[in-house]
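Listed below, chain by chain, are the residues.
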Amino acid sequence: NIEVNSVVLGKKGEVWVGTPEGVGQLSGNDIVSVFNSSSIISSLISDNHNNLWIGTSTGLFKKDSGLSVIKKVTGGDSFGSRVLSLPIVSLVVGKDGVAVIGTKNGLFRYNISTNRVDQLEVDNELFAKGFITNVQLDRLNNVWVTAHNSVFMLGKNGQARHYGIDEGMRSQGI
């Protein structure tokens, strides 16, 4: 009996499973452990290069494609290192190689190639009613965020649009 927090399909058909105890890879009817952790696994993402990104309660980890080693990701400076050690609720990696990371402390953008972390400038009022629960990108690279009682779309120009009951949602429970 396993509690599963996240599942992702790799580019080569691998199935990765995140549990409270770590990350496993589905092999037949079994899950083979590849990363034991005292951290809770909250989010798994496979990028265009088939690297596995692991969001945990103690930060961001990465498994390079074809390698068995999983390493903690640190930012290029002290701010980036602090951000990448925050509990990660959700993450998504865009086709441009930039990850958007949702934490209980806000939204951040991590440029994988430059190892730079920036905070997304979002009006904190948007998230005042609840912390971030999920982050996704659409095909136009707009960032979609769910918070406890709302959905937000952050456009490339930094504009945020809120979707709630007043905008047509049937209920506040997301």
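All values derive from a computational prediction rather than experimental measurement. (Residues numbered from 1 in each chain as written. Predicted model: local features only at pLDDT ≥ 70, side-chain atom pairs only at ≥ 80, totals over all residues. Heavy atoms only, no water.)

We now examine the overall build of the chain. In terms of regular secondary structure, the chain is built from one helix and 16 strands. Within the chain, the proportion of its 174 residues that are buried is 43%. Considering only intrachain contacts with a sequence separation of at least 6, the fraction spanning at least 24 residues in the chain is 33%. Carbon and sulfur atoms make up 49% of the accessible area of the chain, which totals about 9,800 Å². (Helix = DSSP H or I, 4+ residues; strand = E, 2+ residues; numbered from the N terminus. Buried < 20%, exposed > 50% of the residue type's maximum accessible area, 1.4 Å probe, protein only. Contact = heavy atoms within 4.5 Å. Areas by Shrake-Rupley, 256 points an atom, 1.4 Å probe, with all protein chains shown as cover.)

One pass over the full model with this rule turns up two salt bridges. Between Lys62 and Asp64 there is a salt bridge, and its shortest N-O distance comes to 3.0 Å. In this structure Asp64 comes out as partly exposed when scored by relative accessible area, which is 28%. Arg116 serves as the salt-bridge partner of Asp118, at 3.3 Å between the closest nitrogen and oxygen. The class of Asp118 is partly exposed, set by a relative accessible area of 33%. (Salt bridge = Lys/Arg side-chain N within 4 Å of Asp/Glu carboxyl O.)

Across the five residues of strand 14 (residues 143-147), four count as buried, placing the element largely inside the fold. Across five bridges, strand 13 (residues 132-137) lies against strand 14 in antiparallel orientation. Note on strand 14: the bridge partner recorded for Leu137 is Val143. The turn linking strand 13 back onto strand 14 is made up of five residues, and Asn141 within it adopts a positive phi angle of 70°. Inspection of the sheet shows strand 14 paired to strand 15 (residues 150-154) by five bridges, in the antiparallel sense. Residue Trp144 lies in a different strand from strand 15, and its bridge partner there is Met153. (Pairing = 2+ DSSP bridges.)

Across the sheet, four strands lie side by side as 5-6-7-8; this open sheet has antiparallel pairing. The strands lining the two open edges of the sheet, one partner per strand, are strand 5 (41-46) and strand 8 (70-72). Pairs of neighbouring strands in the sheet enclose a mean axial angle of 25°, with direction left out of account. Examined bridge by bridge, strand 5 and strand 6 (residues 52-56) share five bridges and lie antiparallel to one another. (Axes fitted to C-alpha atoms, helices over the stretch in contact; angles between N-to-C directions.)

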